[in-house]
Amino acid sequence: MLDFLNNAIVAAVIKSAIVIFALLTAFAYMTLIERRVVAKMQGRLGPNRVGPFGIFQPVADAVKMAFKEQIIPTQSKVAIYVLAPVISVVVALCAFAVVPIGNSWIGDKPSIWDPIIGDINVGILWILGVSSLAVYGIVLGGWASGNRYSLLGSLRSAAQMVSYETSLGLALSGTLMWAGTLSMVGIVKAQLLYGSTGQGIWFIAAQPLGFVIYMIAGVAEVNRAPFDLPEAEQELTAGYLTEYSGLRWSLYQMAEYINMITVSAIASTLFFGGWSFFGLERIPGVSILIFLVKVAFFLFLFIWLRATLPRIRYDRLMRLGWQLLLPLAVLNVVITATVVALGWPWWINGLAGLAIVAGVLLLVRSRTREIQSGISTREGTIPMPASVRLARFEPVGDGQLIAPKKQDIKV
Amino acid sequence: MTGVQLSFYVLAVASVASALGVITFKNAVHSALSLILTLLFLALFYLQLGAMFIAIVQILIYAGAIMVLFLFVVTMLASEASDSELADRIPWQRWVAGILGLVLVGALSYLLFTGTAIDSSAKATGANSLAHVVATQGNTEAFGLALFHGFAFPFEVTSLLIIVAILGAMVLGRKA
């Protein structure tokens, strides 16, 4: 009677339904967790009135959103305006199709009910390709809103995502060289302690530089703080989200959180061994738990970053992406290719990567010190009071500085 | 009619229709969207032929990167015409570029004049044929082998051609 369950297509459809349900639930509770964690970090309580610890807050929010009026501005291009949030969500969900969530159920024998929807041999490229389409939801939504703020937000988003996608892809290619495969399952298996392809290390050990670049570019890709320029409230009145309300607004939020989960899942899979944990993953079912813990850690990192860092300025964003991350990513590829091609052990690659990360941090630190000590004008260096030392004054026009007069500064 | 044929006809009609949309839509953004659809249909064609790598790269490069830039420009049509006569800010780059170019020419000539054996493997039959490589090593590996061994010279020449085209577009754009 249950013979139809042996059909690969039936299995894929049921697994997809489970993954979509899990992702949507995770989105709902991520909003609550984020608000609670950020509140904790800022010495507030956060939403705690609906149910114990506020655990029914997402339900209340969902009901509110469902009954809210969905305004369609008269200036908007209606068809595209309605379609854009849907594109965002569909694309975000599709990317999760190739993420291996856990080990095979019985031993190392693959079956159609393994916790992964589709193990295709270009898995990581599928994720990159599909998530590169995510920008359309934002660009089209902003353009179709018929609002200048929305348009500016969407243009920022397009420029930002194209700029950081290059660094993101290059940062991953170092790991792919070590793994020697593009399949997500193959990449996890390459990090196992056993098996024919297992190398016994998590690739973070060989690719610290790649990991740092990937995380920075990943945060920029999902438009999260400190790279949330496309939806900056103070500058753009929420950017591409300005005209959206009700369910369509929550679709955009959904896409953002699901993209966060995807970025976290890729980071865990490519750099932290996916569902493996030093042999513990051989116990049936435990591998899924291990994977979830790893993803949860990276999601916490996203929240932590948002609570800690101020938004980066637009020109700084572009400079960071093109002049720092991209050259470093290329350097990482060159080093990794050399090490892999010459058959050197992984720790040479790891040490080189760590040295570069440390060097760049030192360079940034020394430059910040230089800036903090004071402003140099034609009349000499004016020392800055401690409260404004993070401010930086830059030359405007022909080297003239916009800076406070000497007598205005009390040291 | 088999399933493959049916899907081919559906895809063919859809891609031609969306391609027609590119040139018939009055609104530039609609044309661009139509072009994205066409490119996605082409990716499905590749998928139908079993060329998974090319299909995904088609989405990644054309739909994901190039068309985003198209849309960027189209949505911002009223772009400010800023013609800044920038001086050459990195004067030593010509020397470095010249030397690196010579290295590239040398490497390519070496490949071209000594690598005929590799080139023939791309056209060979039996154990060395492309179909065999795809079957034993997979799509991506076969593509990489063909691209960087048999077709390394045309590949590099094409990239050079594209760079020249970009430079030409820049020169034309600056005069306008």
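Note on numbering: residues in each chain are counted from 1, in written sequence order. Just so you know, chain letters begin at A and ligand numbers begin at 1, following the order they were written in. For this predicted model, a pLDDT threshold of at least 70 governs which residues receive local features, and a threshold of 80 or more governs which side-chain atom pairs are given and counted, while totals over whole chains, interfaces and linings are taken from all residues. To obtain the side-chain values, all non-hydrogen atoms of the structure were used and water was disregarded.

1. Concerning the pattern of salt bridges
Residues and elements named next belong to chain A. Heads up, the rule is: Salt bridges are defined as contacts in which a side-chain nitrogen from Lys or Arg sits within 4 Å of a carboxyl oxygen from Asp or Glu. Secondary structure is summarised from DSSP: a helix means a run of H or I of at least four residues, a strand means a run of E of at least two, and numbering begins at the N terminus for each. Using a 1.4 Å probe on the protein chains alone, a residue whose accessible area is under 20% of its type maximum counts as buried, one over 50% counts as exposed, and one in between counts as partly exposed.
On inspection of all chains with the given rule, the structure shows four salt bridges over all chains. Put simply, E34 and R224 hold a salt bridge, and the shortest N to O gap is 2.7 Å. Of this pair, E34 sits in helix α1 (residues 8-41) while R224 sits in the loop between α8 (208-221) and α9 (233-236), and the two are 190 residues apart along the sequence. For the residue pair E34 and R224, the accessibility class agrees, reading buried in each case. The partner of R35 in a salt bridge is D61, with the nearest N and O atoms 3.4 Å apart. One end of the pair, R35, is in helix α1; the other, D61, is in helix α2 (residues 57-67), and 26 residues separate them in sequence.

2. Here's the deal with the interface of chain A and chain B
Stated precisely, the cut-off is as follows: Here, residues are in contact when the closest pair of their heavy atoms is within 4.5 Å. Defined in terms of a 1.4 Å probe, buried area is the accessible area two parts forfeit on being brought together, summed over both. Any pair of N or O atoms that falls within 3.5 Å is considered a polar contact. Within protein, one atom must be able to donate a hydrogen and the other to accept it, and sequence-neighbouring residues count only if both atoms are side-chain atoms.
Taken together, the contact pairs 23 residues of chain A with 23 residues of chain B. Across the interface of chain A and chain B, roughly 1900 Å² is buried in total on both sides, 81% from carbon and sulfur atoms. At the boundary of chain A and chain B, one finds zero salt bridges. Our enumeration of links across chain A and chain B arrives at two residue pairs in polar contact (both at pLDDT 80 or more). Breaking the side of chain A that touches chain B down by element, the ones donating at least two residues are α4 (123-132), α5 (134-144) and α6 (148-179) of chain A.

3. Overview of the confidence of the model for chain B
Residue and element names in this part refer to chain B. What counts here: In predicted models, pLDDT denotes the confidence assigned by the predictor to each residue on a 0 to 100 scale.
Here chain B shows a mean pLDDT of 77. Residues at 70 or above account for 76%. Residue range residues 78-85 is modelled with pLDDT below 50. Its contacts to residues more than four positions away, or to other chains, number three contacts. Two summary scores accompany this predicted model of the complex, namely pTM at 0.78 and ipTM at 0.73.

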